[in-house]
Amino acid sequence: TQLLEQSPQFLSIQEGENLTVYCNSSSVFSSLQWYRQEPGEGPVLLVTVVTGGEVKKLKRLTFQFGDARKDSSLHITAAQPGDTGLYLCAGASTSYGKLTFGQGTILTVHP
Amino acid sequence: DTAVSQTPKYLVTQMGNDKSIKCEQNLGHDTMYWYKQDSKKFLKIMFSYNNKELIINETVPNRFSPKSPDKAHLNLHINSLELGDSAVYFCASSLMGTTHSGANVLTFGAGSRLTVL
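Residues numbered from 1 in each chain as written. Chains lettered and ligands numbered in written order. Predicted model: local features only at pLDDT ≥ 70, side-chain atom pairs only at ≥ 80, totals over all residues. Heavy atoms only, no water.

1. Some remarks on the overall build of chain B
- The secondary structure content of chain B amounts to zero helices and eleven strands.
- The helix and strand sequence of chain B, counted from the amino end, reads β-β-β-β-β-β-β-β-β-β-β.
- Along the first, second and third principal axes, the C-alpha set of chain B runs to 40 × 30 × 30 Å.
- Counting only residues that meet the buried cut, chain B has 43% of its 117 residues in that class.
- Of the contacts made within chain B by residues no fewer than 6 positions apart, 55% connect residues no fewer than 24 positions apart. (Helix = DSSP H or I, 4+ residues; strand = E, 2+ residues; numbered from the N terminus. Buried < 20%, exposed > 50% of the residue type's maximum accessible area, 1.4 Å probe, protein only. Contact = heavy atoms within 4.5 Å.)

What follows is the structure in structure tokens.
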């Protein structure tokens, strides 16, 4: 069974601060996805990283896939209250593209 | 609107009852999923259907029975509900094999919150 350890589980910061969320596994994934979920809604895809060492930027969000394709990170620069939400990483296996989700990080950004 | 729609959004019922959650997608996707999200926000896959064929069946009690009448619909029927079944159930869909390295990007519904009393 592939497992993804996501940390931290909770993050409470002030507006303007930077933060990093980590996703680690002992398994190799064919790709890794990051989703954001708001209360009462389903997760929405932010980004997919595929190649080991890949870095993708989405405005103030930077996503990185580890060289060995076992880990990933999400870095947010100058966090804003609108970034508040649940962030989920998900690793894709080669078996029908099955996704294994991390435990999630609940981010709260205070004005 | 193109989307994944699931009903009902909220479901409150007594232990021992049988209930169903319905899901429909109009995205033209060929694969649909049911996920369970527990109180700690952990998302766990339950089932997946590709073109009406069951392709993923995780260790789920056989009280849970998915049914896919066509590739745009995937329903979940739960028999003899237990307290531990209380959770948010998410339907999702994707287009198999069209993204990098088999990475199917999921489009989720808004969830169905089931509360068993």
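From this point on, the discussion continues.
2. So, unusual backbone geometry
- A cis amide bond, omega -5°, links Ser7(A) with the succeeding residue Pro8(A).
- Along the chain, the position of Pro8(A) falls in the loop between β1 (5-7) and β2 (10-14).
- Cis geometry is adopted by the peptide bond preceding Pro8(B), which originates at Thr7(B) and carries an omega value of -5°.
- Relative to the helices and strands, Pro8(B) is located in the loop between β1 (4-7) and β2 (10-13).
- We note that Ala78(A) has phi near 50°; this positive angle belongs to a residue other than glycine.
- Counting through the fold element by element, Ala78(A) comes out in the loop between β8 (71-76) and β9 (85-92).
- Phi is positive for Lys41(B), which is not a glycine, with a value near 75°.
- Within the secondary structure, Lys41(B) sits in the loop between β4 (31-37) and β5 (43-50).

3. What about the layout of surface pockets?
- In this structure, the largest pocket encloses a volume near 390 Å³.
- In this structure, the largest pocket is lined by 24 residues; those nearest its centre are Gln37(A), Gly40(A), Gln37(B), Lys41(B) and Arg113(B).
- Taken together, the elements giving at least two residues each to the lining of the largest pocket come down to β9 and β11 (105-110) of chain A together with β9 (87-94) of chain B.
- Residues that form the lining of the largest pocket fall into these classes: nine nonpolar, nine polar and six charged. (1 Å grid on protein atoms, 1.4 Å probe; cavity = no way out; pocket = protein on both sides within 12 Å on 5 of 7 lines; lining within 4 Å. Points joined across faces, edges and corners; volume = space filled by probe spheres on them. Nonpolar A, V, L, I, M, F, W, Y, C, P; charged D, E, K, R; others polar.)

4. As for the nonpolar core
- Counting 21 residues, the largest nonpolar core has Leu19(A), Trp34(A), Leu74(A), Ile76(A) and Leu107(A) as the members making the most contacts within it.
- For this core, the elements supplying multiple residues, two or more each, are β2, β3 (19-24), β4 (31-37), β5 (44-49), β7 (61-65), β8, β9 and β11 of chain A.
- Here Leu74(A) is in contact with Leu19(A), Thr20(A), Val21(A), Trp34(A), Leu61(A), Thr62(A), Phe63(A) and Tyr87(A), once residues within four sequence places are set aside.
- Core analysis: the second largest hydrophobic core is formed by 19 residues, Phe64(B), Ile78(B), Tyr89(B) and Val116(B) among them. (Core = buried A, V, L, I, M, F, W, Y, C linked by side-chain atoms within 4.5 Å.)

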